[in-house]
Structures are given as structure tokens and as C-alpha cells.
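Residue strings, one per chain:
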Amino acid sequence: MTKVDARDLQTNETDDRGRIYLGTEYANKRVTVAVVEVESDHPDEDELAAAYREASGSAEELAEEWDDTSDEAWGGLDE
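Computed from a predicted model, the values in this text were never measured in an experiment. (Residues numbered from 1 in each chain as written. Predicted model: local features only at pLDDT ≥ 70, side-chain atom pairs only at ≥ 80, totals over all residues. Heavy atoms only, no water.)

A. Broad picture of the overall build of the chain. From N to C terminus, the chain includes one helix and zero strands. Here the C-alpha atoms of the chain give a radius of gyration of 28 Å, more than 25% beyond the 12 Å that 2.2 N^0.38 yields for 79 residues. Looking at the chain as a whole, 3% of its 79 residues are labelled buried. As displayed, the chain has an accessible area near 8400 Å², and 50% of this comes from carbon and sulfur atoms. In the chain, 7 positive and 24 negative side-chain charges are present, and the distance between their average locations comes to 31 Å. (Helix = DSSP H or I, 4+ residues; strand = E, 2+ residues; numbered from the N terminus. Rg over C-alpha atoms; globule rule 2.2 N^0.38 Å. Buried < 20%, exposed > 50% of the residue type's maximum accessible area, 1.4 Å probe, protein only. Areas by Shrake-Rupley, 256 points an atom, 1.4 Å probe, with all protein chains shown as cover. Lys, Arg positive; Asp, Glu negative; His and termini not counted. Charge placed at Lys NZ, Arg CZ, Asp CG, Glu CD.)

B. Geometry of unusual backbone geometry. With a phi angle near 60°, Asn28 is a residue other than glycine that sits in the positive phi range. Inspection of the secondary structure assignment puts Asn28 in the segment before helix H1 (45–78). Here Asn28 falls in the exposed class, since its relative accessible area comes to 86%.

C. View of a negative patch on the surface. A cluster of like negative charges, contributed by Glu60, Glu61, Glu64, Glu65, Asp67, Asp68, Asp71 and Glu72, occupies part of the molecular surface. With respect to the secondary-structure elements, Asp68 resides in helix H1. Assessed through its relative accessible area of 46%, Asp68 is described here as partly exposed. (Patch = residues over 30% accessible without salt bridge, like charges linked within 9 Å, V, L, I, M, F, W, Y side chains within 5 Å. Salt bridge = Lys/Arg side-chain N within 4 Å of Asp/Glu carboxyl O.)

D. Representation of the environment of Arg7. Within the fold, Arg7 resides in the segment before H1. With 66 residues separating them in the primary sequence, Arg7 and Ala73 have C-alpha atoms 69 Å apart.

Pasting the structure below:
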């Protein structure tokens, strides 16, 4: 097994099917690839849950404000 120098490590992005183009220098050769870390450009579940809670709280505040404004408007029409 060949040892890899840390300076030879590369970061590549995958295509939409999760494939990486290594280059022609690896053509017709056996290549072993190790995935060290995976970063996602999509928010994780915790981030989505936090955003949902924040949006839900904002929506409740807006609904309460609208109720107050609506009550005032209807009240003004009754006078």
C-alpha cells in the first residue's frame, strides 16, 4: 500500500450523482479513494428545525398583530 503525503490530498466536489472526476492521469489504473469529510450545501435537520421554530413564532406574532389591527378597524366601522 502506498502512503499518501498530506500535501497530496485533494478536495473535489461531486457532480449531481455523487461522482468525482479524478483526471486522465488515473486512466486505466486502480484507485482507492478515502472520504475524510463530507460537507453539505443543504441545511441539516437541526438548522431546519430552528428556522421552522423561528418562522412559526414570527407567524404567531403577525397573526396577533393582525387580530388587534382588525379588531380596531372593525370597531371603527361600528362607531
